[in-house]
Amino acid sequence: MDTRRALLDALAAGPVAGPALADDLDVSRAAVWKAVESLREEGFAVESTPDGYVAPEAPGYSAAGIEFGLDAPYEVEYHDRIGSTNERARELAAAGADGIAVVADEQTGSRGRLDREWVAPSGGVWLSLAVRPDVPPARAPLFTLAAAVATAEACRDAGVDAHIKWPNDVLVGHAASEAGGRGGRKVAGILTEMEGEADRVSWLVAGVGVNANVATDALPADAAALAAEVGEPIDRRRFAATLLERFAALTETPDRMDRILPAWREFASTLGRRVRVDTPSGPVTGTAVDVEAPGALVVETAEGTRRVHAGDCEHLRDAGD
Ligand code: BT5
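Throughout this description, residue numbers start from 1 for each chain and increase along the sequence as written. In keeping with the model being predicted, local features are shown solely for residues with a pLDDT of at least 70 and side-chain atom pairs are shown and tallied solely at 80 or more, while totals for entire chains, interfaces and linings include all residues. Heavy atoms throughout the structure, all of them, feed into the side-chain values; hydrogens and water do not.

Type-normalised accessible area, obtained with a 1.4 Å probe on protein chains alone, sets the label of each residue: buried when under 20%, exposed when over 50%, and partly exposed for intermediate values. Elements are defined by DSSP. Helices are runs of H or I of four residues or more, strands are runs of E of two residues or more, and each kind is numbered from the N terminus. A large share of strand 12 (residues 296–301) lies buried, amounting to five of its six residues. Two strands qualify as a pair provided DSSP detects at least 2 bridges between them. Of the strand pairs in this sheet, strand 11 (residues 282–292) and strand 12 are connected by five bridges, and their pairing is antiparallel. If you follow Asp290 over to strand 12, its bridge partner there is Val298. Here strand 11 folds back onto strand 12, and the loop between the two strands holds three residues, one of which, Gly295, carries a positive phi near 155 degrees. Examined bridge by bridge, strand 12 and strand 13 (residues 304–308) share five bridges and lie antiparallel to one another. Bridge assignment links Val299 to a residue of strand 13, and that residue is Arg306. Between strand 12 and strand 13, which pair antiparallel one after the other, the connecting turn spans two residues.

A fitted line through C-alpha atoms represents every axis, and for helices the fit uses only the stretch in contact; the resulting angles, taken between N-to-C directions, go from 0 to 180 degrees. Two numbers describe how helix 6 (residues 141–157) lies on helix 10 (residues 260–267): the axes approach to 9 Å, and their chain directions differ by 50 degrees. As far as their axial angle goes, helix 10 and helix 6 are oblique. Helix 6 and helix 10 meet at a crossing whose hand is left-handed. Between helix 6, through Leu142, Leu145, Ala146, Ala148, Val149, Ala152, Glu153 and Arg156, and helix 10, the contact on the second element is made entirely by Ile260, Leu261, Ala263, Trp264 and Phe267. When residues are sorted by character, Ala, Val, Leu, Ile, Met, Phe, Trp, Tyr, Cys and Pro go into the nonpolar class, Asp, Glu, Lys and Arg into the charged class, and all the rest, Gly among them, into the polar class. For the contact of helix 6 with helix 10, the residue count by class is eleven nonpolar, no polar and two charged. By definition in this entry, angles of less than 35 degrees are roughly parallel, angles greater than 145 are roughly antiparallel, angles of 65 to 115 are roughly perpendicular, and the rest are oblique. Helix crossings fall into two classes, left-handed where the near helix is turned counterclockwise from the far one by less than a right angle and right-handed where it is turned clockwise. By the convention used here, residues are in contact when the closest approach between their heavy atoms is within 4.5 Å.

This brings us to the confidence of the model for the chain. In this model, the chain carries an average pLDDT of 94, and 95% of its residues clear a pLDDT of 70 or more. With pLDDT under 50 throughout, residues 176–182 is counted as low confidence; its partners more than four residues away or in other chains account for 16 contacts. Per residue, pLDDT captures the predictor's confidence, and it can take any value from 0 to 100.

Before going further, it helps to spend a moment on unusual backbone geometry. A cis amide bond links Trp166 with the next residue in sequence, Pro167, at an omega value of -5 degrees. Looking at the secondary structure, you find Pro167 in the loop between strand 6 (162–165) and strand 7 (169–172). Looking along the chain, the bond that leaves Ala293 and enters Pro294 is cis, with omega of 0 degrees. Structurally, Pro294 is set in the loop between strand 11 and strand 12. Unlike most non-glycine residues, Leu114 shows phi in positive territory, near 50 degrees.

See the structure below:
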């Protein structure tokens, strides 16, 4: 681990005596001092006190702010404004990066699935994590489900009762009468991109867009924002850190990945519902009964059981469709 990150972790636990940290890390005192200076340059205002270095009281929404005390093996690259965090994360991943989260306050050219436009003004949590998991490409859809679970958990941690619509939408509100009867308004979306070799994923980018502190009138009509739900701005630093921690907790080892489907089922509002899924081979209408590895929705239709691997899912009103 580098000195900067070790310093951030130590600061999260209390005042840090520079010489003691240098000894612990087996680096020079000058190296610790340089790390302190570089954090200050990033805007993370480390204070010098008689007890040692102390973290700023309100670490901002920044790379150092998110990495501060982060319990996940990821680095953060922060941009005030960028075209698309997914595009940047793809670039980093293709160049060999593993475990880097690209975070931006604003995106000017972000995309959803099928190249759809994603609206991403200043104030959101726009985050793309590049990882190189040692799994076969067929397991990749599990990472999308894990990102949805991690996002829903971070929403709940921020005080918003979010649920997941298969496969990748995080919604708030349950009433079928709301927002065109789709059973909720979209507060977050996920776009996973990957490059696979024959037997393993080469890299994978999990891109998450969360309408955090964004005015709802800047968003599409059926979208929701966390700040509007809780009545005040949410702590984006904590939100991003929670999201990354939960994602790591679900994906960092193969045995952890076994927890993804059960966790997804717990947050899902799609199961037990009448749905219509527009798939590449036509619409599938019926009752969604389960999600199966690595992410297929199981739908009971009039013609029998169908397993759907990709598509746009609409929740139908229960009283017929
Ligand atoms: C998604 O696509 O929901 C995936 C969105 C992923 C965005 C993140 S942000 C960070 C990273 N960088 C990127 O460039 N992308 C990722 P999809 O299921 O195709 O939904 C797209 C549709 O959602 C659009 O066609 C709009 O109808 C709607 N939409 C656009 N912006 C929205 C917003 N901010 N909130 C809610 N809905 C939105």
